Amino acid sequence: QQQVKQSPQSLIVQKGGISIINCAYENTAFDYFPWYQQFPGKGPALLIAIRPDVSEKKEGRFTISFNKSAKQFSLHIMDSQPGDSATYFCAAGGGTSYGKLTFGQGTILTVHP
Amino acid sequence: GAGVSQSPSNKVTEKGKDVELRCDPISGHTALYWYRQSLGQGLEFLIYFQGNSAPDKSGLPSDRFSAERTGGSVSTLTIQRTQQEDSAVYLCASNEGSGNTIYFGEGSWLTVV
């Protein structure tokens, strides 16, 4: 009930390409869906987040697409750059604390120059 | 201003010993969270403090794990009688309580040998 499933585990993209990472959740009480970016040796940092009242949110090259009926959401990175190479985590939360999050397993993104 | 500060950054301990990990949240942040990140895994929620309220301990994996937060600021996560499966990065995060974004520290890497 509390799981968030993330795919793929790893992704290799050429510079300039589109990176797509998908997540699915089960708990319909979730109402906050952030994506975190983590570089080696660093803590995760919030990249972009969405609430279920909208189907898409875009910030620069990063877009979240949200499908409430399917309980799925995805991260699209347009014009991927080598500097985007990192581990990406989707998460879900809500209720009394938006900091108490259920995370996906992570996707290691490698962008080749 | 300073971010979330964690210490030690690395700790190697012998199986059966107790360890203490420290977190100093961002000044003014009323909410503090501990997460665990095992190798190649997503983040697992452990415990959450909000102001003077009783902590949400629902993620602690066993009674060997405990945490306290003194004076509404610094927090200590204690693991008693450490086991090899406790080896992981322990991440602390904080936010303003009512806000969505949580800010992570760089973590304490614990290795139990």
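Conventions and cut-offs
Residues numbered from 1 in each chain as written. Chains lettered and ligands numbered in written order. Predicted model: local features only at pLDDT ≥ 70, side-chain atom pairs only at ≥ 80, totals over all residues. Heavy atoms only, no water. Salt bridge = Lys/Arg side-chain N within 4 Å of Asp/Glu carboxyl O. Helix = DSSP H or I, 4+ residues; strand = E, 2+ residues; numbered from the N terminus. Buried < 20%, exposed > 50% of the residue type's maximum accessible area, 1.4 Å probe, protein only. Disulfide = S-S within 2.5 Å. Phe/Tyr/Trp six-rings, centres within 6.5 Å; stacked < 30°, edge-to-face > 60°.

Novice: Looking at this structure, how should I read the pattern of salt bridges?
Specialist: Two side chains with opposite charge may pair up if their charged atoms get near one another. Throughout the structure, instances matching the rule amount to 7 salt bridges over all chains. Here Asp84 of chain A makes a salt bridge to Arg61 of chain A, at a shortest N to O gap of 2.8 Å. One end of the pair, Asp84 of chain A, is in the loop between strand 8 (72–77) and strand 9 (86–94); the other, Arg61 of chain A, is in the loop between strand 6 (56–59) and strand 7 (62–67), and 23 residues separate them in sequence. According to the relative accessible area criterion, Asp84 of chain A is buried, its value standing at 5%. The class of Arg61 of chain A is partly exposed, set by a relative accessible area of 27%. A salt bridge links Glu44 of chain B to Arg36 of chain B; the nearest nitrogen and oxygen atoms lie 3.1 Å apart. Overall, Glu44 of chain B belongs to the partly exposed group, its relative accessible area being 32%.

Novice: Whenever I open this one, the state of the cysteines confuses me. Can you help?
Specialist: One way to say it: the disulfide is the covalent bond shared by the sulfur atoms of two cysteines. All names here are of chain B. As enumerated under the stated definition, the model contains 2 disulfides over all chains in all. The disulfide bridge from Cys23 ends at Cys92, spanning 1.9 Å between sulfur atoms. Given an S-S torsion of about -65°, the disulfide between Cys23 and Cys92 has left-handed geometry. Of this pair, Cys23 sits in strand 3 (residues 19–24) while Cys92 is found in strand 8 (residues 88–95), placing the two residues 69 residues apart along the sequence. For the pair Cys23 and Cys92, a shared accessibility class is recorded, and that class is buried.

Novice: I keep staring at the packing of aromatic side chains and nothing clicks. Help me out?
Specialist: Describing an aromatic ring pair means giving the distance of the ring centres and the angle of the ring planes. Considering all chains together, one arrives at 16 aromatic pairs over all chains under this definition. Ring geometry for Phe103 of chain A and Tyr35 of chain B: centres 5.6 Å apart, planes at 85°, overall edge-to-face. One end of the pair, Phe103 of chain A, is in strand 10 (residues 97–103); the other, Tyr35 of chain B, is in strand 4 (residues 31–37), on a second chain. For Phe103 of chain A, a relative accessible area of 5% translates into the label buried. On the accessibility criterion, Tyr35 of chain B (0% relative accessible area) is buried. Each residue in the set Tyr25, Phe30, Phe33, Trp35, Phe66 and Phe73 of chain A is aromatic and connected to the rest through ring pairs, giving one cluster.

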